[in-house]
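Chain by chain, the residues run as shown.
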Amino acid sequence: MTPKTTLWNDAATALAKRRSHWPATVERAFVDPEPTAGLNDYLRRWARERPETTAIHFYGTDISYADLETSVGAFAGWLLAQGVAASDRVGVYLGNCPQLTIAMLGILRIGAVYVPINPMFKSRELAFELADSGASLLLTDPALTAVVEAARAVPQEELTGAAHERVSPTLHVAYTRLGDMLLTCPTPPPPFPESHGDSPSDWSSIMAAAPVAPIRCDREALAALNYTGGTTGMPKGCEHTEGHMIYTALSTLQGQGRGPGAYSARTGAAHVSLCFLPMFWIAGEDMGILNPLIDGSTAVVMTRWNADVALALIERERVTWVAAQADNYVEMLEAPSFAETDTSSLEECVAISFVRKLDHELREQWLAATGVLLHEASYGMTETHTADTFTSGLHIGDQDLRATPTYCGYPVPGTDIVIVDDDLDPVDVGIPGQILVRSPSVLRAYYNKAEATRDVIVDGWLLTGDTGQFDDHGGLSYLARSKEMIKVNGMSVFPTEVESLMKSHPHIERVAVAPREDHESGQRPVAFVELHTHAQVSADDLGLWAREQMATYKVPDIVIVDSMPMTATGKIRKVDLMKEITAK
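Residues numbered from 1 in each chain as written. Predicted model: local features only at pLDDT ≥ 70, side-chain atom pairs only at ≥ 80, totals over all residues. Heavy atoms only, no water.

## Quick look at the overall build of the protein
Item 1. When its secondary structure is counted, the protein shows 17 helices and 25 strands.
Item 2. In terms of overall dimensions, the protein has a C-alpha envelope of 70 × 60 × 55 Å along the principal axes.
Item 3. In the protein, buried positions account for 58% of the 584 residues.
Item 4. Within the protein, contacts between residues separated by at least 24 positions form 73% of all contacts whose residues are at least 6 apart in sequence. (Helix = DSSP H or I, 4+ residues; strand = E, 2+ residues; numbered from the N terminus. Buried < 20%, exposed > 50% of the residue type's maximum accessible area, 1.4 Å probe, protein only. Contact = heavy atoms within 4.5 Å.)

## Topic: the pattern of salt bridges
Item 1. Summed over the entire model, instances satisfying the criterion amount to 25 salt bridges.
Item 2. Across the salt bridge formed by Asp425 and Lys4, the nearest N and O atoms sit 2.6 Å from each other. Pair noted here: Asp425 is in the loop between strand S16 (416-420) and strand S17 (433-438) and Lys4 is in helix H1 (residues 3-18), with a separation of 421 residues, a long-range link.
Item 3. Looking at Asp425, the relative accessible area reads 25%, which means it is partly exposed.
Item 4. Taking the relative accessible area as the measure of exposure, Lys4 reaches 28% and is therefore partly exposed. (Salt bridge = Lys/Arg side-chain N within 4 Å of Asp/Glu carboxyl O.)

## With respect to the pairing of strand S11 (residues 321-325)
Item 1. Burial analysis of S11 places 5 of its 5 residues in the buried class, the great majority of the element.
Item 2. What you see with S11 is no split at all: Trp321, Ala323 and Gln325 on one side and Val322 and Ala324 on the other are buried throughout.
Item 3. By the bridge criterion, 2 bridges tie strand S9 (residues 272-275) to S11 in an arrangement that is parallel. Across the sheet, residue Leu274 finds its bridge partner in S11, namely Val322. (Pairing = 2+ DSSP bridges.)

## Concerning the packing of aromatic side chains
Item 1. Applying the stated criterion across every chain yields a total of 14 aromatic pairs.
Item 2. Here the aromatic rings of Trp8 and Trp461 are separated by 5.9 Å at their centres, their planes lie at 70°, and the arrangement is edge-to-face. Highlighted residues: Trp8 in helix H1 and Trp461 in strand S19 (residues 461-470), separated in sequence by 453 residues.
Item 3. Judged by relative accessible area, which is 1%, Trp8 ranks as buried.
Item 4. An angle of 80° between the planes, with centres 5.2 Å apart, marks the rings of Trp22 and Phe390 as edge-to-face. Note that Trp22 is positioned in the loop between H1 and helix H2 (39-49) and Phe390 in strand S14 (residues 389-390), a separation of 368 residues in sequence.
Item 5. On the accessibility criterion, Trp22 (13% relative accessible area) is buried.
Item 6. Residue classification places Phe390 among the buried residues on the basis of a relative accessible area of 6%.
Item 7. Grouping aromatic residues by their ring pairs yields a cluster made of Trp22, Phe390 and Tyr410.
Item 8. In this arrangement the basic side chain of Arg19 is found over the ring face of Tyr410, its NZ or CZ atom lying 5.6 Å from the centre.
Item 9. Here Lys236 stacks its cationic end above the ring of Tyr446, 4.8 Å away from the centre of that ring. (Phe/Tyr/Trp six-rings, centres within 6.5 Å; stacked < 30°, edge-to-face > 60°. Lys NZ or Arg CZ within 6 Å of the ring centre and 35° of its normal.)

## With respect to the side chain of Asn40
Item 1. Tracing the backbone shows Asn40 in helix H2.
Item 2. Sequence-distant contacts of Asn40, that is, excluding residues within four places in its chain, are made with Val72, Leu105, Leu108, Arg109 and Pro214.

## Focus on the nonpolar core
Item 1. Grouped together as the largest cluster of nonpolar side chains are 148 residues, with contacts concentrated most on Leu39, Phe75, Tyr329 and Met502.
Item 2. Not counting residues within four places of it along the chain, the set of residues in contact with Tyr329 comprises Val322, Ala323, Ala324, Cys349, Val350, Ala351, Leu362, Trp366 and Leu374.
Item 3. The next biggest cluster of nonpolar side chains, apart from the first, holds 26 residues, and it includes Ile435, Leu443, Ile457 and Leu463. (Core = buried A, V, L, I, M, F, W, Y, C linked by side-chain atoms within 4.5 Å.)

## Things to note about the sheet that holds strand S12 (residues 348-352)
The strands making up a sheet associate through hydrogen bonds between their backbones, and the pairing can be parallel or antiparallel.
Item 1. The strand order across the open sheet formed by 7 strands is S2-S1-S10-S9-S11-S12-S13, and the pairing between neighbours is mixed. Two strands bound the open sheet, and with one partner strand each, they are strand S2 (61-64) and strand S13 (374-376). Neighbour to neighbour, the strand axes of the sheet diverge by 25° on average, direction disregarded.
Item 2. The sheet contact formed by strand S1 (residues 54-58) and strand S10 (residues 298-301) spans 2 bridges and is parallel. Its bridge partner being in S10, His57 is matched across the sheet by Val300.
Item 3. Taken strand by strand, helix H11 (residues 326-334) contacts S11, S12 and S13, and its axis lies near 105° from that of S11. (Axes fitted to C-alpha atoms, helices over the stretch in contact; angles between N-to-C directions.)

## Considering the pairing of S16
Item 1. Among the 5 residues that make up S16, 4 are buried, leaving the element largely enclosed by the rest of the structure.
Item 2. In terms of strand pairing, S16 meets S17 through 5 bridges, oriented antiparallel. Each residue of the ladder has a partner; that of Ile419, found in S17, is Ile435.

## Section: the environment of Arg444
Item 1. Within the secondary structure, Arg444 is located in the loop between S17 and helix H14 (450-456).
Item 2. For Arg444, a relative accessible area of 39% gives the class partly exposed.
Item 3. For the pair Arg444 and Ile457, spaced 13 residues apart in sequence, the C-alpha separation works out to 8.9 Å.
Item 4. Not counting chain neighbours up to four residues away, the residues in contact with Arg444 comprise Glu220, Ala221, Leu222, Glu239, Thr241, His244, Thr453 and Ile457.
Item 5. Within the structure, the side chain of Arg444 is placed 2.9 Å from the side chain of Glu239, a separation counted as a polar contact. (Polar contact = N/O pair within 3.5 Å; in protein donor to acceptor, adjacent residues only side chain to side chain.)

## Describing the packing of H11 against helix H12 (residues 360-370)
Item 1. In the contact formed by H11 and H12, the axes pass within 11 Å of each other and the chain directions differ by 45°. In terms of their interaxial angle, H11 and H12 are classed as oblique. Crossing of H11 against H12: the hand is left-handed. Where H11 approaches H12, its residues Ala326, Tyr329, Val330, Met332 and Leu333 are matched on the opposing element by Leu362, Gln365, Trp366 and Ala369. (Parallel < 35°, antiparallel > 145°, perpendicular 65-115°, else oblique. Left-handed = near helix turned anticlockwise from the far one by under 90°.)

## Here's the deal with H1
Since the α-helix advances by 3.6 residues per turn, residues separated by three or four positions end up pointing in the same direction.
Item 1. Helix length check: H1 (16 residues) gives 23 Å between terminal C-alpha atoms against 22 Å at 1.5 Å per residue, within 8%.
Item 2. When H1 is considered as a whole, its buried residues turn out to be Thr5, Trp8, Asn9, Ala11, Ala12 and Leu15. Taken down its axis, H1 places every buried residue within 165° of arc, on the same side. Along H1, exposed side chains directed more than 90 degrees from the buried face belong to Pro3 and Lys17.
Item 3. Looking at the buried residues of H1, the elements they touch are S16, S17, strand S18 (457-458) and S19. (Expected span 1.5 Å × (residues − 1). Arc of directions from axis to C-beta.)

Written out as structure tokens, the structure reads:
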């Protein structure tokens, strides 16, 4: 243990003593009721104890825990029949649908590694994650066939930094349509075509495989590669285990004052969560898959956000728990159907402050309309499996809303957080600095990136690069993102990744990406481009090209410059570039 980590440990202990507002309903020590159980063990438990309870509701279709257990077993059996073995990586390139949950649990059931991939990715982005992870099989939507085939053809020189030179030439691709598990006449209507024409699907043959029982769970084994951007180069795979996943769900539930299997105080039945956050994203995975599974409760899954559909589902499915962006609550309040919607089942509502920040006015409006207090979501990141703090019960005198800019509350049981200065020494309360996190769900490593791992993990503490501060009662406030990260509608965009993609254009000499504020999305990336001598290409041309290379939320506004302002050490002065467009 280094002298610095001794100081961090002491600071964490001192902060814990300050937390006088700790809710009486939340145990301070982490409690794991089944220390050896894996996710499939929880699934089998609920299939025995609550076989008829709906595990997943999807546009009018109910999948019970008994049905989910059978489907997961069949998917695992099909994987084995394809030659997938323990430790093999399996990509899942899908939007929100029951098949995503079934695939994840089926992959873990045989000890393989789950690799969720953003379905908004274009071919080069997809190719990088397939090559980096070394995926041997991919489950995807037939609507994405063209992207998959283009990814196979991406030249190896465009995959710089990937663990493997190219997408595996033996990659097996299987298809499932988003609506493959829907009943006839789905309600509400889903945001994708109910009729798929001749588009291929392997789902019926996958589900026809003989179900297999799970292998014994090794909570320390690699179970998932959750990709995140970084301050250098292309995305990195965060190595997570089933132990990380289970701790995240259990500690999140504990922060809400309940344990697995608890029933709703309002409905007297199993809890019901509304889940529309993207489930390839780790926050969506936690809220839409892991928390409901550990809890034996119901996930009402939406493929895409829609305020009217959300309200209809809240009433019909007796939703008790919602996590949504602050803007989404405003949309629901302003929806014409809100006045006629029965929201009496709602028990806890969490606001995520991305574009709009939760404030006193919105809290009061939601409380008056539903009788439920709206509170902030937690602090977290892909490296920690997110959900590192809780805010439930910490709204005394609106202290959480007075924090600047975002109050994140107390660390969940089992997690420690400290704030340090540039020398990595702990600072006093009220002083801003870098957030450091130690928890049972901190990533094991960045996949195949030893140096990057050493840069951020010290004796089990994660150096997040984010800025925060503590108040007198030991509550964390989040002040700023990692200095390089751009947030577009809550999605992380890393300038270095966009720069890497843009540099592949034959007419670009140099490119620098920086954020600008945007009232609709929170922020947008701006790419300052210096062209090769005699290059004839417009900003509009580059913008159209960029849309073909990367997910829509990453596509930058293009500004062509004659030359880049440089520092004495040869770095581009992004601040000067931003000042120039701000002045216009």
